[in-house]
Amino acid sequence: MFKRETYTINGQVLTEPRSYQLLISLCSIILTGLALKVTDFEFELLMKNGSKFFTILTSMFPPNWEFMDNIRKAIIETIQMSVIGSFLGALVSIPFSVWAASNITHQPFINAFFKLILSIFRTLPTMVIALIATFIFDIGATAGTVAVFLFSLSYVGKLMYEHIENIEMGPFEAMNRWV
């Protein structure tokens with residue numbers, strides 16, 4: 001069961017690597033048991049009330065379309081916030097990513113500053129940004145648009161400056177030589 005297979009190929013003896021599947025399974029079982037103990041999980045309660053999940057699920061289908069008139073405006077506003085915030089964030093991320101790319105902008109302070117700005121916005125969850133924007137702009141579409149804008153700016157900016165830094169610089173330098 002635990003014996004590793006050996007093979008001879010072209011006169012060279014190869015042995016299968018060790019399998020850690022049993023050890024990993026045992027550790028997973030122990031950690032799951034520990035998590036169940038720490039969280040006071042009650043399996044009997046799950047068995048008793050587990051059918052309520054399907055009660056909720058069956059009440060969702062087929063959907064009750066009578067509520068659609070009440071939420072149509074909010075759905076359209078949500079789509080507008082996400083489209084406008086994403087578009088503007090991607091648009092503004094272009095100069096940010098150029099300033100953050102060390103092979104285009106040869107100023108270490110500027111590179112570090114814009115990388116720091118993009119990192120800070122990326123580490124903040126979108127809901128936290130939305131809460132902060134709510135204090136500034138009040139509850140509404142503007143706060144949501146700002147949150148989506150900063151999210152898009154930070155992630156698209158990071159992806160773009162990493163791609164810019166991986167560009168082959170030969171053609172760029174040749175173009176600059178003739179200009």
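Now for a look at the structure at hand. In this text, all values refer to a predicted model and were calculated from it rather than measured experimentally.

Turning to the side chain of Thr145, a few remarks are in order. Considering the arrangement of structural elements, one finds Thr145 in helix H7 (residues 141–165). The contacts of Thr145, once residues within four sequence positions are left out, are Met81, Ile84 and Gly85.

Summed over the entire model, instances satisfying the criterion amount to 7 aromatic pairs. Relative to Phe114, the ring of Trp99 has its centre 4.9 Å away and its plane inclined at 35°; by these criteria the two rings are tilted. With a gap of 15 residues between them, Trp99 in helix H4 (residues 68–100) and Phe114 in helix H5 (residues 108–123) connect regions that are remote in the sequence. The class of Trp99 is partly exposed, set by a relative accessible area of 37%. On the accessibility criterion, Phe114 (14% relative accessible area) is buried. Members of the aromatic cluster, joined through ring pairs, are Phe96, Trp99, Phe109, Phe113 and Phe114.

Below, the discussion takes up the pattern of salt bridges. Counted according to the given criterion, the structure contains 3 salt bridges. A salt bridge links Arg72 to Asp69; the shortest N-O distance between them is 3.6 Å. With Arg72 and Asp69 both in helix H4, this residue pair falls 3 residues apart, about one helical turn. A salt bridge links Lys115 to Glu165; the shortest N-O distance between them is 3.0 Å. Here Lys115, found in helix H5, pairs with Glu165, found in helix H7; they are 50 residues apart in sequence, far enough to count as distant. The class of Glu165 is partly exposed, set by a relative accessible area of 26%.

Scoring rules and cut-offs
- Residues numbered from 1 in each chain as written.
- Predicted model: local features only at pLDDT ≥ 70, side-chain atom pairs only at ≥ 80, totals over all residues.
- Heavy atoms only, no water.
- Helix = DSSP H or I, 4+ residues; strand = E, 2+ residues; numbered from the N terminus.
- Contact = heavy atoms within 4.5 Å.
- Phe/Tyr/Trp six-rings, centres within 6.5 Å; stacked < 30°, edge-to-face > 60°.
- Buried < 20%, exposed > 50% of the residue type's maximum accessible area, 1.4 Å probe, protein only.
- Salt bridge = Lys/Arg side-chain N within 4 Å of Asp/Glu carboxyl O.

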